[in-house]
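Here are the chains, one letter per residue:
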Amino acid sequence: MSVASCLLSEDQFVCSICLDVFTDPVSTPCGHNFCKNCINEHWNNNDQYLCPLCKKVFNTRPELHINTFISEMVSQFRQEAQQKASSSSSEQQAAKPEVPCDVCTGTKLKALKSCLVCLTSYCETHLEPHLTASRLKRHQLMDPVENLEDRMCMKHDKPLELFCKTDQTCVCMLCSVLDHKTHEFVPLKEEYEGKKVELGKTEAEIQEMIQKRRLKIQEIKHSVDLSEEAADREKAEGVQVFTALKESVERSLNELIETIEEKQRTTEKQTEDFIKELEQDISELKKRSSEVEKLSHSEDHLHLLQNFPSLKAAPPTKDWTEVSVRPSYEGTVVKAVAQLEETLSKQMKKQFEAEMKRVQQYAVDVTLDPDTAHPALILSDDGKQVYCGDVKKKLPDNPERFFKCCCVLGKQSFFSGRFYFEVQVKQKNNWNLGVARESINRKGQITLIPQNGFWTIWLRNGNEYKAGNNPPVRLSLKSLPQKVGVFVDYEEGLVSFYDVDAAALIYSFTGCSFTEKLYPYFSPDLNYGGKNSAPLILCPVNQTE
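Parameters at a glance
Residues numbered from 1 in each chain as written. Predicted model: local features only at pLDDT ≥ 70, side-chain atom pairs only at ≥ 80, totals over all residues. Heavy atoms only, no water. Axes fitted to C-alpha atoms, helices over the stretch in contact; angles between N-to-C directions. Helix = DSSP H or I, 4+ residues; strand = E, 2+ residues; numbered from the N terminus. Parallel < 35°, antiparallel > 145°, perpendicular 65-115°, else oblique. Left-handed = near helix turned anticlockwise from the far one by under 90°. Contact = heavy atoms within 4.5 Å. Polar contact = N/O pair within 3.5 Å; in protein donor to acceptor, adjacent residues only side chain to side chain. Core = buried A, V, L, I, M, F, W, Y, C linked by side-chain atoms within 4.5 Å. Buried < 20%, exposed > 50% of the residue type's maximum accessible area, 1.4 Å probe, protein only. Pairing = 2+ DSSP bridges. Phe/Tyr/Trp six-rings, centres within 6.5 Å; stacked < 30°, edge-to-face > 60°. Lys NZ or Arg CZ within 6 Å of the ring centre and 35° of its normal.

Before we move on, could you go through the packing of helix 7 (residues 188-296) against helix 8 (residues 301-312) and cite the residues and values that matter?
It is at 10 Å that the axes of helix 7 and helix 8 come closest, and there the two elements cross at 155°. It follows from the interaxial angle that helix 7 and helix 8 lie roughly antiparallel. Of the two elements, helix 7 crosses helix 8, and the hand of that crossing is left-handed. On the side of helix 7, the interface is formed by Arg288, Glu291, Val292 and Leu295, while helix 8 contributes His303, Leu304, Asn307, Phe308, Ser310 and Leu311.

An account of the side chain of Lys384 is requested, with residue identities and associated values reported.
For Lys384, the location among the structural elements is in the loop between strand 11 (377-379) and strand 12 (385-388). Apart from residues no more than four positions distant in its own chain, Lys384 is found in contact with Asp365, Val366, Thr367, Leu368, Leu536, Ile537 and Leu538.

Report on the side chain of Asp499, specifying residues and quantitative values.
The topology assignment puts Asp499 in strand 20 (residues 494-499). Looking at Asp499, its side chain comes within polar contact range of the main-chain nitrogen of Asp501, at 3.3 Å.

If you had to explain the nonpolar core to someone new, which residues and values would you point to?
What tends to happen in soluble globular proteins is that the nonpolar side chains get buried as a cluster. Judged by nonpolar contacts, the single largest core of 39 residues is most densely connected at Phe421, Trp431, Ile457 and Phe522. Those residues in contact with Ile457 that sit more than four places away from it in its chain are Trp431, Asn432, Leu433, Lys466, Ala467, Leu475, Val484, Phe497, Ile506 and Tyr507. Leu19, Trp43, Leu53 and Val74 belong to the second-largest nonpolar core, a separate cluster that totals 21 residues.

Outline the sheet that holds strand 14 (residues 418-424), supporting the account with residue identities and numerical values.
Sheet architecture is open: seven strands sit in the order 11-12-23-14-19-20-21, paired in antiparallel fashion. Among the strands making up the open sheet, the edge pair consists of strand 11 and strand 21 (504-509). This sheet shows a mean twist of 20° between the axes of neighbouring strands, independent of strand direction. Looking at chain direction, strand 12 and strand 23 (residues 536-539) are connected through two bridges and run antiparallel. Within strand 23, the position partnered with Val386 by the bridge is Leu536.

Which residues make up the packing of aromatic side chains, and what are the values?
If you walk through the whole model with that rule in mind, you get 14 aromatic pairs. Considering the side-chain rings of Tyr507 and Phe509, the 5.0 Å spacing of their centres and the 80° angle between planes classify their relative orientation as edge-to-face. Exposure class is identical for Tyr507 and Phe509. Each is buried. Grouped by ring-pair contacts, the aromatic residues Phe415, Trp455, Tyr490 and Phe514 constitute a single cluster. Cation over ring: Lys392 sits above Phe403, and NZ or CZ is 5.4 Å from the ring centre. It is Arg442 that lies over the ring of Phe402; its NZ or CZ is 5.9 Å from the centre.

Rendered as structure tokens:
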């Protein structure tokens, strides 16, 4: 235990919420420790059960139990701190310099008191007259101090007994009736006590600042650890994905070369067969030519006439007029590239499905806030659907309500961590989706750009998709999303939109700087005579298989 006790420090036992030494320490499932009351109050006052340090979100409120090991360590730390404080106090007392008696000659004894009237320090023996003589009893005595002349008014040669609150300086009695007669005064002791309290508050504030910075160091170190883990994970996944892509490319190249070579081998074999067959024809024709020539020189009339019909007929050979060898490689590379593209698309889809599965772990239950809804919007009773009606309702124009634009915010706000939700946009020709900061303009016209506090994408005219950047970014999508997923990483400054059914990334805002609460943002847009009457629907998140 002696070795362990040497390693104890206040940093190890400070609650990151109250910035004080733990009281009834408990541990969260993510391994971080807090005072039991602090973490319970934190969860009572927030919409999510998340760890204040690592921002991990718990779906249900964790059951907390006192961490007996840490509790015992905290108790030991308190005892050691008290012992050190007591020891330090004793050392300070012992370290106080001794003030010698100003009257003693030879060996000077230790002074017991100093007289502010005589400006002299006295030992026990020489102090006796100040305790017995009636004239000296009126003198002001204090604990022995050096440099008594510094405690006298330089102008009036009187003790500094008062504090001028007007000029914030120490004065004597004559100063109070001459130079400072209209000022406000208090005894030095009273001002001393007040200043001592202020110093205590200042010290507490400084300690709090120190604790906050220590906590920030822990938070930064923890963030670096998380970043390193994420970097390692991404590198491993990157190596795996690109290795698979490289293997696919190499495999496709090998298959392409093998296909071309196989075609060439087939062509060569076909050529050999043609040549062989042609040579056989030539041999037969030569034989016929020899017979014809021989017959033509025959003098035997009967023999020539009898054999003429058989030699006059065309020999039984193949007609080679239309036969040719024309190997074609056109389209071979294009086909191979198309197959490779299909393979890569499948692998990319697997990768996006894995990414979708990761972000869906941060799914939150979002409901629409009727207090923010434009008067023309119609919300379902469960707060999960919204569409635009034809008539504006008469609603109180509270500060939270949108007045010009047909939009509505979610009830839930997020000031840290990650969150994800999905919205069905099926059968709609126009809509806006995303997140917005708390301080957005809700009464005038809105321009959906990050500079105004909006990170959104939208659909216009049934097929025109854009991201609300400055200027807007046109999005080319292979399919029309029926359900859109919205993912936010507050600390990372990331807002991503996904086509849930296609498991494909639509667009990402990166490098965002969030300093306020973020709210889910929805706009079903106008009804347009029933052409855009379908509602936006907040859907429960089903984990991608």
